[in-house]
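Each chain, written out:
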Amino acid sequence: MMLLKDVRDYLAAFGIAEDEHCYMGIMPDKKEKSIGVYHLRSGRQAVTPIGGQGNRSYRVKAVSVLVHWNRSPTETEEAAVKVYQRLQNTQEQEINGHRIKFIQMNQDEPVSVDTDESGIFEYVMECLIYYESEEEEEECQI
């Protein structure tokens, strides 16, 4: 199963933000020119394939991507558009051993969420990552 860390690593590989400025789940110090990835709260309904889970050929990871950039609305929008286009054009790529079929963007463009408490402009985009399901899911051991 694809983890949030896998998506974070994929976003970092774009080279739009420095690796140490790419986060998952939380953006603790909110450095300028950062990208964060979060679980999409609305997600999507679970689907059971006919014949059971063994017949599943793909899975979907629902995420929200936050571009937290700088005090320039233009530079922030440009960075968000770059991230959006890279995600939108992803096809047949691999993320940490997971083969991505495609990424469905939930909006036509990045959505401005104005500024944070420090005056840094931010954009958000929601997407569904369709990826090949592993032949045999390993049992999660806690």
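In this text, all values refer to a predicted model and were calculated from it rather than measured experimentally.

## A closer look at the overall build of the protein
- Scanning the protein for helices and strands turns up two helices and seven strands.
- Across the protein, helices and strands are ordered from the amino to the carboxyl terminus as α-β-β-β-α-β-β-β-β.
- When contacts within the protein are restricted to residue pairs at least 6 apart in sequence, long-range pairs at least 24 apart make up 65% of them.
- Accessible area of the protein: about 8,700 Å², with a carbon and sulfur share of 46%.

## Some words on the confidence of the model for the protein
- On average, residues of the protein score 88 in pLDDT, and 84% of them reach the 70 mark or higher.
- Taken element by element, the protein is modelled with least confidence in strand S4 (residues 91–95), mean pLDDT 90, and with most confidence in helix H2 (residues 73–88), mean pLDDT 98.

## Quick look at a negative patch on the surface
- Taken together, Glu75, Glu77, Glu78, Asp108 and Glu109 make up a surface patch of like negative charges.
- Along the polypeptide, Glu78 turns up in helix H2.
- Residue classification places Glu78 among the partly exposed residues on the basis of a relative accessible area of 47%.

## What about the pattern of salt bridges?
- Applying the stated rule across the entire model yields 10 salt bridges.
- The partner of Glu32 in a salt bridge is Arg71, and the shortest N-O contact between them spans 3.4 Å. Here the residue Glu32 occupies a position in the loop between strand S1 (22–24) and strand S2 (34–39), and Arg71 occupies one in the loop between strand S3 (58–68) and H2, the gap between them amounting to 39 residues.
- Residue Glu32 is classed as partly exposed on the basis of its relative accessible area, which comes to 38%.
- Lys101 serves as the salt-bridge partner of Glu132, at 3.5 Å between the closest nitrogen and oxygen. Here Lys101 lies in strand S5 (residues 98–105) and Glu132 lies in strand S7 (residues 121–132), a separation of 31 residues in the sequence.
- The exposure class of Glu132 is partly exposed, given its relative accessible area of 35%.
- Connected through salt bridges with shared partners, the residues Lys5, Arg8, Asp9 and Asp19 form a single ionic network.

## Considerations on the nonpolar core
- In terms of nonpolar packing, the biggest core is built from 29 residues, with Leu11, Ile35, Val63, Val65, Val83, Leu87 and Met125 touching the most fellow members.
- Of all the secondary-structure elements, those providing two or more residues to this core are helix H1 (4–13), S2, S3, H2, S5 and S7.
- Among all residues touching Leu11, those that are not within four sequence positions of it are Ile35, Val37, Val65, Val83 and Leu87.

Calculation notes
Residues numbered from 1 in each chain as written. Predicted model: local features only at pLDDT ≥ 70, side-chain atom pairs only at ≥ 80, totals over all residues. Heavy atoms only, no water. Helix = DSSP H or I, 4+ residues; strand = E, 2+ residues; numbered from the N terminus. Contact = heavy atoms within 4.5 Å. Areas by Shrake-Rupley, 256 points an atom, 1.4 Å probe, with all protein chains shown as cover. pLDDT = per-residue confidence, 0-100. Patch = residues over 30% accessible without salt bridge, like charges linked within 9 Å, V, L, I, M, F, W, Y side chains within 5 Å. Salt bridge = Lys/Arg side-chain N within 4 Å of Asp/Glu carboxyl O. Lys, Arg positive; Asp, Glu negative; His and termini not counted. Charge placed at Lys NZ, Arg CZ, Asp CG, Glu CD. Buried < 20%, exposed > 50% of the residue type's maximum accessible area, 1.4 Å probe, protein only. Core = buried A, V, L, I, M, F, W, Y, C linked by side-chain atoms within 4.5 Å.

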